[in-house]
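The chain contents come next:
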Amino acid sequence: MANHSQLNFQDAASPIMEELMGFHDHALMVALAICSLVLYLLTLMLTEKLSSSTINAQEIELVWTILPAMVLVMLALPSLRILYMMDEINEPDLTLKAIGHQWYWTYEYTDFKDFTFDSYMTPTADLPLGHFRLLEVDHRVIVPMSSTVRVIVTADDVLHSWAVPSLGVKTDAIPGRLNQTSFLASRPGVFYGQCSEICGANHSFMPIVVESTPLANFENWSSLMSS
Amino acid sequence: MSAALLPKPQMRGLLARRMKFHLLGAFVVSVGCAALYKFGVAEPRKRAYADFYRNYDPMKDFEAMKAAGVLESAPAK
């Protein structure tokens, strides 16, 4: 989860999120280069005695057309690479459904053992010591680590969005529509997210918690849940 | 009397010379900022992730989390 004054991304817990962080660094570097160029030229213009009878600017106009086009290509190529990487057919090991309601999530695991559960935010009054306010839930989404997991997201009433920043996942939950996303948790751990589409009074109070564990532990848990 | 003549100063192309100099300077500053960010932030971040996962033992980490009681699917005994 994010710390109180955190501005940057949360630590990546999936390969796609690592790629996205790298691309963000690249895009920010390009933006920094452009901004420093503009700032330098602006300072120059503001400290210069005005003169000039320039009437022929053919060369510089060529430069400031070609150069931005090259910059855009430098941004587009890595972006498209990651976009296609996210859409690869990856034969998930597990499929689960996330259904958004006002104001909780329902998860259905129907692949092997068939079970469903609701996931409500833990009220602050009932929060155990050391747990995170407005982020904890009564039943977490347990997934096996290092396995591709497909999540089919939909909603029961209004628009919601299932998002977990450290896994690089954000998918809109639209009533009457099934949206698909997939992720791979690179390591065991607990990853927090929050509903990301305004959905009413308690939009900020329907968090998502994904817990990734080794496969054997996941199997034990799913046997317990289905019994 | 003949005084030593000063060399004739440059009379034309002053703006073009200044522009050429400063455009070059602007590009150097801009590429310098980009290089600073790349080698100060981006590369260390990539290295940090590579170092983390190089000798990472997920089972050991899982056991530590289990012992700490932070997992719902594996409560601490």
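Residues numbered from 1 in each chain as written. Chains lettered and ligands numbered in written order. Predicted model: local features only at pLDDT ≥ 70, side-chain atom pairs only at ≥ 80, totals over all residues. Heavy atoms only, no water.

Per an unreviewed UniProt entry, the recorded name for chain A is Cytochrome c oxidase subunit 2, and the organism is Pyrgilauda ruficollis. Taken verbatim from the UniProt record of chain A, the Catalytic activity (unreviewed entry) comment is "4 Fe(II)-[cytochrome c] + O2 + 8 H(+)(in) = 4 Fe(III)-[cytochrome c] + 2 H2O + 4 H(+)(out)". Note on chain A: under the UniProt heading Subcellular location (unreviewed entry), the record states "Mitochondrion inner membrane". (UniProt positions renumbered as here; feature names shortened; annotations may be inferred.)

Undergrad: Which parts of the structure should I look at to understand the overall build of chain A?
TA: Counting secondary structure elements, chain A contains 3 helices and 10 strands. Traced from its N-terminal end to its C-terminal end, chain A shows the element sequence α-α-β-β-β-β-β-β-β-β-β-β-α. For 227 residues, the compact-globule estimate of 2.2 N^0.38 gives 17 Å, and the C-alpha radius of gyration of chain A, at 24 Å, exceeds that figure by more than 25%. Considered along the principal axes of its C-alpha atoms, chain A spans approximately 85 × 40 × 35 Å. The proportion of buried residues among the 227 residues of chain A is 39%. As displayed, chain A has an accessible area near 12,800 Å², and 61% of this comes from carbon and sulfur atoms. Of note, chain A has its 10 positive side-chain charges centred 2 Å away from the centre of its 24 negative side-chain charges. (Helix = DSSP H or I, 4+ residues; strand = E, 2+ residues; numbered from the N terminus. Rg over C-alpha atoms; globule rule 2.2 N^0.38 Å. Buried < 20%, exposed > 50% of the residue type's maximum accessible area, 1.4 Å probe, protein only. Areas by Shrake-Rupley, 256 points an atom, 1.4 Å probe, with all protein chains shown as cover. Lys, Arg positive; Asp, Glu negative; His and termini not counted. Charge placed at Lys NZ, Arg CZ, Asp CG, Glu CD.)

Undergrad: How do you make sense of the domain arrangement of chain A when you look at a structure like this?
TA: Often, the extent of an interface is quoted as the loss of accessible area upon association of its parts. On domain assignment, one finds that chain A holds domain 1 (15–87) and domain 2 (94–226). Placing the centre of domain 1 of chain A and that of domain 2 of chain A at their C-alpha centroids yields a distance of 39 Å. (Domains from an automatic or database assignment.)

Undergrad: Could you clarify how one ought to interpret the confidence of the model for chain B in this entry?
TA: When pLDDT is low, close inspection of the predicted coordinates is not appropriate. Per-residue pLDDT for chain B has a mean of 90; in total, 96% of the residues score no lower than 70. We note a pTM of 0.89 for the whole complex and an ipTM of 0.86 for its interfaces. (pLDDT = per-residue confidence, 0-100.)

Undergrad: Help me understand the pairing of strand β4 (residues 141–144) of chain A in this model?
TA: All names here are of chain A. Side chains Val141 and Val143 of β4 all project onto a buried face; the interleaved residues Ile142 and Pro144 project onto the opposite face, where all are buried too. Note: β4 against strand β10 (residues 208–213), 4 bridges, orientation parallel. Paired with Ile142 across the two strands is Glu211, which belongs to β10. (Pairing = 2+ DSSP bridges.)

Undergrad: Please clarify how a nonpolar patch on the surface should be interpreted in this entry.
TA: There is a patch of nonpolar side chains on the surface, built from Leu62(A), Val63(A), Ile66(A), Leu67(A), Met70(A) and Phe27(B) and spanning about 530 Å² of accessible area. The element contributing the most residues to the nonpolar patch is helix α2 (residues 58–86) of chain A, with 5 residues. Its place among the elements puts Val63(A) in helix α2. Taking the relative accessible area as the measure of exposure, Val63(A) reaches 43% and is therefore partly exposed. (Patch = residues over 30% accessible without salt bridge, like charges linked within 9 Å, V, L, I, M, F, W, Y side chains within 5 Å. Salt bridge = Lys/Arg side-chain N within 4 Å of Asp/Glu carboxyl O.)

Undergrad: What am I meant to see in the sheet that holds strand β8 (residues 179–184) of chain A here?
TA: Adjacent strands of a sheet form backbone hydrogen bonds with each other and so pair up, either parallel or antiparallel. Residue and element names in this part refer to chain A. With mixed pairing, the 5 strands of this open sheet are ordered in space as β3-β2-β1-β5-β8. The two strands at the open ends of the sheet, each matched to only one other strand, are β3 (115–119) and β8. Going from strand to strand, the sheet's axes swing by 25° on average, the running direction of each strand aside. Sheet analysis places strand β1 (residues 94–101) next to strand β2 (residues 104–109), joined by 6 bridges and oriented antiparallel. (Axes fitted to C-alpha atoms, helices over the stretch in contact; angles between N-to-C directions.)

Undergrad: Would you mind showing me how to read helix α1 (residues 15–46) of chain A here?
TA: Helix length check: α1(A) (32 residues) gives 46 Å between terminal C-alpha atoms against 46 Å at 1.5 Å per residue, within 8%. Buried residues of α1(A): Ile16(A), Met17(A), Met21(A), Asp25(A), His26(A), Met29(A), Val30(A), Ala33(A), Ser36(A), Leu37(A) and Leu44(A), and no others. For α1(A), the elements touching its buried residues are α2 of chain A together with α1 (14–54) of chain B. (Expected span 1.5 Å × (residues − 1). Contact = heavy atoms within 4.5 Å.)

Undergrad: Just checking my understanding: could you explain the UniProt feature "domain: Cytochrome oxidase subunit II copper A binding" (unreviewed entry) in chain A for this structure?
TA: Per the UniProt record, "domain: Cytochrome oxidase subunit II copper A binding" (unreviewed entry) is annotated on residues 91–224 of chain A. The span residues 91–224 of chain A is 7% helical and 43% strand by assignment, and the distance between its end C-alpha atoms comes to 26 Å.

Undergrad: Help me out: how do you make sense of the UniProt feature "transmembrane region" (unreviewed entry) in chain A in this one?
TA: The feature "transmembrane region" (unreviewed entry), as annotated in UniProt, sits at residues 27–46 and 66–84 of chain A in this numbering. Taken end to end, residues 66–84 of chain A comprises 100% helix and 0% strand; its first and last C-alpha atoms sit 27 Å apart.

Undergrad: Hey, could you run me through the packing of aromatic side chains in this one?
TA: Both the distance between ring centres and the angle between the ring planes are used here to describe each pair of aromatic rings. All names here are of chain A. Under the counting rule described, the total for this entry stands at 15 aromatic pairs over all chains. Aromatic side chains Tyr109 and Phe115 sit 4.9 Å apart centroid to centroid with 10° between the ring planes, which places their arrangement in the stacked category. For the residue pair Tyr109 and Phe115, the accessibility class agrees, reading buried in each case. With 5.9 Å between their ring centres and 25° between their planes, Tyr109 and Phe117 make a pair best called stacked. By relative accessible area, which is 2% here, Tyr109 ends up buried. (Phe/Tyr/Trp six-rings, centres within 6.5 Å; stacked < 30°, edge-to-face > 60°.)

Undergrad: Hey, could you run me through the pattern of salt bridges in this one?
TA: When charged atoms on two side chains of opposite charge get close, those side chains can pair. All told, the structure shown has 7 salt bridges over all chains when counted by the stated rule. For Glu19(A), the salt bridge goes to Arg81(A), with nearest N and O atoms at 2.8 Å. In this pair, Glu19(A) is assigned in helix α1 and Arg81(A) in helix α2, connecting sequence segments 62 residues apart. Its salt-bridge partner being Glu43(B), residue Lys38(B) comes within 3.4 Å of it at the nearest N-O pair. In this structure Lys38(B) comes out as partly exposed when scored by relative accessible area, which is 31%. We classify Glu43(B) as partly exposed; its relative accessible area is 22%.

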